[in-house]
Amino acid sequence: MALEEGARSCLLRVRNRLEQDIKPSYLMDHMISDGVLTVDEEEKIRTQSTRKDQAVELLELLLRKDNHAYISFYNALIKEAYDDLANLLHDDLPNISPSVYKSFPDGCTPYVQTVLSEGGVPQRPVVFVSRPELVNRIREKLYRLQKEPGWVTVFGMAGSGKSVLAAEAVRHHGLIEECFPGGVHWLSIGQLDKPDLLAKIQSLCFRLEQSLDSQSLQRPPNSLDEAKERLRFLMLRRYPRSLLILDDIWDSTVLKALDIHCRILLTTRNRSLTDSVSGAKYEVEVESGLEDNKGLEILALYTKTKLQGLPEEARSIVRECKGSPLVVSLIGALLKDKPNRWRYYLCQLQQKQFKRIRKSSSYDYDALDQAMAASIEVLPDEHRDLYKDLTVLEKDIKIPAKVLSVLWDMEPEEVEDILEEFVNKSLLYVDSNNKPYLYYLHDLQLDFLVEQNRNELESLHTKVVRQYQQHYKDGHPTSGDDECLYWIRFLTYHMAKANLSQELYALMFSLDWVNIKAQIMGPAHLINDYVEYGPILDKENSEVRSHFQEFLSLNGHQLEQRPFPDVVQLALSEPHNSEVYRQALVKAQEGASRGKLYIDWLNKSSVESLSLLVIHPHQGSIYSACFSHDGTKIASCGASKMLKVFKSKSGEKLMEIQAHDEEVLCCAFSPDDRLLATCSSDKKVKVWNVERAMLLRVFEEEHEEQVNHCQFTNTTRRLLLATCSNDKFLNVKLWNLNKPSSQNTVFGHFEPVNHCCFSPDDNFLSTSSNDGTVKLFQVSSANEWKTINVREMFTESDEEVLVKCSTWTADGKRIICAARNDVWVFDVETSDMLLEIRTNRLSMVQYCHACPTSNLLAIAYSNYAVELWDLGSNKKMADCSGHLSWVQRVQFSPDGSQLLSCSDDQTVRLWETKKVHTSSAVCLKRDSDVLFTDEEIIVSAADNCNRLQVRDGRKGSVMFQSEEKSSRIRCTCMCRQLSAVVLGQEDGTVQVLEVPSGRLLATLLGHTKTVLHCQFSQNGQTLITSSEDTTIRVWRWQSGECKVLQGHKEQVRCFSLLSKSPTETTLLSWSFDGTVKVWDIDSGEKLQDIEAHREAILSCHVSPDGCFFATTSADKMIKLWCCKSWQCIYTLSGHQDCVRSCRFSWDSQRLATGDDNGQIRLWSVKDGSLLKICSRDGKDGMDSLHGGWVTDLHFSPDDSLLVSTGGYIKWWNVDKGEALQTFFPTGSALKKIHVSPDFSTFVTIDNIGILYILQRLM
């Protein structure tokens, strides 16, 4: 049977589109299963080198095949979600019948109607909705019976529409004429005993004989054997090539009685029934049932309403029916009689009141509970109880047999056999694509089980918990396989449902459980547990629950790292009064007694964490994040090209989509939260269905440059989407989602438009542009209403003014714009400037957003900060520190209670608006000095107000604070003997101050540029400073006498005395000019001038024995020098990036070096050989090996340990080169670490100004 001309023409017409889009490997599996493609043909197609070549070959083959192949290809497209491509082929689907009958729908000619009527095939239901994919699959299998007898089994769960589909499949002229000219005979079976079965066959024989002639009538057969032989004779001799349809088969004895070597189509819930009979066998599974639109169509037909006229409850009813044609039809029949009961029946469905949903129909059961119960009653007694245990499963969750092996205390193989029986009886589904197989219940089956066993739910869940505790009494599973994942994910759920409160407390208030679940499932599931079971946990201790929840919320981004961090060490950074810290301290002390290294943060009480939640959703910068309008979800997008949606309480991922081909610049929820819009550098605007994670619309023709921003109207009254782009002229557009092109193009700007925003009442659209203006347009007409010239506000500068964004106050009377480092508030009616917020920052304002419920304004900056300002008082109310890079977006939640921010540091942070306040903890700069005494840790550093502070590190008290300096403080050092502190400034000034009085002891003038480093001699009488002006100055600071050491050609960042001796006068200096110079500081004479490296020297260190010094450079090389000959004895190579730091061991036998890729190498000083490479296995996709440059290194006194700084602090076993511990600061980019002589205390400051006094737990 050649391919119909219409189908051939259609294929040729859409061939190019198909070749562009289809993935042949996905489609060919279905076509092989349908028998229209051979394995050899598949292999020939797969040998083609590209996907497109494979598509070309497949379509060439398809054009040479018949109508069945075309239908199979069409069905494959539908199965693989190529709905748009399938629609192109639909109108030309072959009817597989002569053209004379094409005028009859589906080939159902008068001849067909007569044949089916005579054979007792049921007519279509009064309310009928077509399911062409399934019908075509059944017909395709029936065509296999054209040349030989066999069995076609249509199987599925109760109420899935098997009988209607079977009847519809044979309602086709071509099928009957070509395959079953002897007729089609229908026999309804059901649950029968032998006498009833005999009576059914007697009736069928009588009907067949009566159709022949009166001479053929015989007495009815008296036994099943006689009946079988009579039917065999009739079907083979009198009705050859006829089809016998057996509807609703439950027992294989029925099939044995009808195994008469003829053509049989049967419907059943038990797919394995045909195992007991002989002949060719084919199967069609009726899976999850109707799509939503089909369900709505049924309701519309029953209630005689147009689809558009259905009430809002209709869609909810269809969803609650879970795709079951039976349930939708029962509800439709009820509504036909009682059309005002939409809300009532929806409530009955939601409350699983299946017994109340009953209506007599042609179906054997008039209520769903009866249909479900009938399936279960045929199970053996012992299996019925096991099936009841499945009541405890969560919806849409697939489980491996090993989980039930624990629950039922059986061998996995025995469990698999039982589950196979359930699957065969359509009581359970199996995902055979997974190995081992995963099993799951249909939603309706689970609903039925829950309703049927409602009074036993607690005991069923208790059984699960007790069996788990018995099986895993020695510890939780950690294998990471499907069974382990199930228990770790759902153990808390079963405990909560079993009302085992004490077990739930013990589990969730345990750091061990946090460690295991975070490592296996990630932090979001854990946070979700604390949110979901919060009411139960709070009965025991709400404070402890909040401790654990806050710990996970603020450390979630760390717990997603691989290798997985030490949870105990992370927990040691929690507040001292936290239960998390208390448990961590006990575990750390136990670990320390066994030689494990743990670090306690002594002064953490001075730092309050203000973030409510930290999410790390993307690899790469995050350009946009937004709340849903109900506040429960957050969407984010950025450089990764992905769109992701999370729960706002826990950070649990709900959706992840590869949204665009280039960076995604903005995302926005529709006012009903059902849609998400995205726009991108790829010039496209896309609209997504949030619930189904499905692309609905693409607008790709009209914007010719990158699309910067998108926003929906605030209400659904007249839903529009606004977008703006870098186009020169047509850069602002309004889209009606029901139209393929923009509804309006808004004219006015002739430079790129960065942002667009609807007024609260949706009457106006504000646009912010690189032309220095904000324009307000009337939405209804797209006409310009007024222009606010922000550029005029910057009268002192000729530079261009780029307006980044605008935001409306809640009353719609004021509009706020951001440009450069300023924020301006304007009156909408008059365009008058009402307020200027001057930030006094070097950074740029990236974004601002007005709170919808208060007078607050959130501002995001390029210097990593987020600030809250009160528009009424023009005062800064809060400073939210925590981001480690540019903050790109801020947004308040719809109720104003929360604020989110997203940043180039790859995180989204959530802030509680009330909790965030101006922090009393002053931020310190990273250039610092520390003195360690037996009792005290004294820290000297500049603060963010450019004052020098001297602090007691242990107590946190400020011992001394200078007045604010006019020139930035760039370095500091302290003198132990004289209680003095030095500061060096950007203007070259050096000052010596007395501590704690603050009295100015000396002002030393001479440097002409920034002072980069300062250091006292051992006796405190001499002060040495180096500068960007290329000089080193040696001061007798009390007298003002100064020697200038000149010779370097570029800045001198550091220097070192050759030894710690009080009489040492030899000084080494190194510079960006690549040289090392040796000086006598008494005479000022240059002793040596060494051309050390071709590029800048980044670090230098003298060995403790004074025999060697090492230099490292931007040229990626390390050189080892002899202090006697001043000659290079070894050049060490191997680093792949700038070598930033170096340090000799205390015995002068090893040298440690660190580079800008985070790698640390250990070298032998004796022969220059490489001993170890640290960090080799620590790299992940978003970080360097050390979270940044390795900036500082220190050995322990016994040289067994090494501490290093970068993005975080790491401690190493020197002999093995293995990391022993990692401390994650709140910020990053640590410059140096100060280490106490006994290697027990460590002091550093991060890039957001937090001081860390860390102590090793002993």
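Residues numbered from 1 in each chain as written. Predicted model: local features only at pLDDT ≥ 70, side-chain atom pairs only at ≥ 80, totals over all residues. Heavy atoms only, no water.

Naming follows an unreviewed UniProt entry, where the protein chain appears as Apoptotic protease-activating factor 1 of Sphaeramia orbicularis. The heading Subunit (unreviewed entry) in the UniProt record of the protein chain holds the text "Monomer. Oligomerizes upon binding of cytochrome c and dATP." Checking UniProt for the protein chain, the heading Function (unreviewed entry) contains the comment "Oligomeric Apaf-1 mediates the cytochrome c-dependent autocatalytic activation of pro-caspase-9 (Apaf-3), leading to the activation of caspase-3 and apoptosis. This activation requires ATP." (UniProt positions renumbered as here; feature names shortened; annotations may be inferred.)

Peer 1: Tell me about the overall build of the protein chain, and please be specific about residues and values.
Peer 2: Looking only at helices and strands, one finds 31 helices and 68 strands in the protein chain. In terms of overall dimensions, the protein chain has a C-alpha envelope of 140 × 75 × 60 Å along the principal axes. Relative to its full complement of 1258 residues, the protein chain shows a buried share of 57%. When the accessible surface of the protein chain is summed, it comes to about 52,700 Å², and 45% of that surface belongs to carbon and sulfur atoms. (Helix = DSSP H or I, 4+ residues; strand = E, 2+ residues; numbered from the N terminus. Buried < 20%, exposed > 50% of the residue type's maximum accessible area, 1.4 Å probe, protein only. Areas by Shrake-Rupley, 256 points an atom, 1.4 Å probe, with all protein chains shown as cover.)

Peer 1: Account for the pairing of strand E16 (residues 675-680), with residues named and values stated.
Peer 2: Side chains on a regular strand alternate between the two faces of the sheet. Most of E16 is tucked away: 6 of the 6 residues are buried. Along E16, one buried face is formed by Leu675, Ala677 and Cys679 and the opposite face, lined by Leu676, Thr678 and Ser680, is buried too. Pairing analysis gives 5 bridges linking strand E15 (residues 664-669) to E16, with the strands arranged antiparallel. When the bridges of E16 are listed, Phe669 appears paired with Leu676. Counting the residues that bridge the hairpin from E15 to E16 gives 5 residues, and of these Asp673 lies at a positive phi of roughly 65°. For E16 and strand E17 (residues 685-689), the ladder comprises 5 bridges, and the chain directions are antiparallel. Bridged to Leu676 within E17 is Trp688. (Pairing = 2+ DSSP bridges.)

Peer 1: Kindly report on the confidence of the model for the protein chain, identifying the contributing residues and their values.
Peer 2: Predicted coordinates in areas of low pLDDT are best not read in detail. For the protein chain, per-residue confidence averages 88 on the pLDDT scale, and residues scoring 70 or more make up 94% of the total. Within the protein chain, helix H19 (residues 368-377) has the poorest average pLDDT of any element, 69, and strand E62 (residues 1192-1195) the best, 98. Across residues 359-366, where pLDDT falls below 50, the model places 21 contacts with residues more than four positions away in sequence or in other chains. (pLDDT = per-residue confidence, 0-100. Contact = heavy atoms within 4.5 Å.)

Peer 1: Which residues make up the pairing of strand E45 (residues 1000-1004), and what are the values?
Peer 2: Of the pairings in the sheet, the one linking strand E44 (residues 990-994) to E45 comprises 4 bridges and is antiparallel in character. Within E45, the position partnered with Leu993 by the bridge is Leu1000. Counting the residues in the hairpin turn of E44 and E45 gives 5 residues, including Gly998, whose phi is positive at 85°.

Peer 1: Describe the side chain of Ser681, with residues and values.
Peer 2: Following the sequence through the fold, Ser681 ends up in the loop between E16 and E17. Residue Ser681 is classed as buried on the basis of its relative accessible area of 13%. Other than its neighbours up to four places away in sequence, Ser681 contacts Glu662, Glu663, Leu665 and Gln706.

Peer 1: Account for the sheet that holds strand E60 (residues 1160-1164), naming residues and giving values.
Peer 2: Read across the open sheet, the 4 strands follow the order E58-E59-E60-E61; overall the sheet is antiparallel. Strands at the two margins of the open sheet, each flanked by one partner only, are strand E58 (1139-1144) and strand E61 (1170-1174). Strand-to-strand twist across the sheet, computed as the mean angle between neighbouring axes with direction ignored, equals 20°. (Axes fitted to C-alpha atoms, helices over the stretch in contact; angles between N-to-C directions.)

Peer 1: So what's going on with the pattern of salt bridges? Which residues, and what values?
Peer 2: For the structure on display, the rule yields 54 salt bridges. The salt bridge partner of Lys644 is Glu656, with a shortest N-O separation of 3.2 Å. Remark: Glu656 occurs in strand E14 (residues 653-658) and Lys644 occurs in strand E13 (residues 642-647); sequence separation between them is 12 residues. Residue classification places Lys644 among the buried residues on the basis of a relative accessible area of 10%. (Salt bridge = Lys/Arg side-chain N within 4 Å of Asp/Glu carboxyl O.)

Peer 1: Give a description of the packing of helix H27 (residues 511-521) against helix H28 (residues 523-532) that names residues and reports values.
Peer 2: Between H27 and H28, whose axes approach to 7 Å, the crossing angle comes to 130°. By the angle between their axes, H27 is oblique relative to H28. Contact residues: H27 offers Trp513, Val514, Lys517, Ala518 and Met521, while H28 offers Pro523, His525, Leu526, Asp529 and Tyr530. For the contact of H27 with H28, a count of residues per class yields 7 nonpolar, 1 polar and 2 charged. (Parallel < 35°, antiparallel > 145°, perpendicular 65-115°, else oblique. Nonpolar A, V, L, I, M, F, W, Y, C, P; charged D, E, K, R; others polar.)

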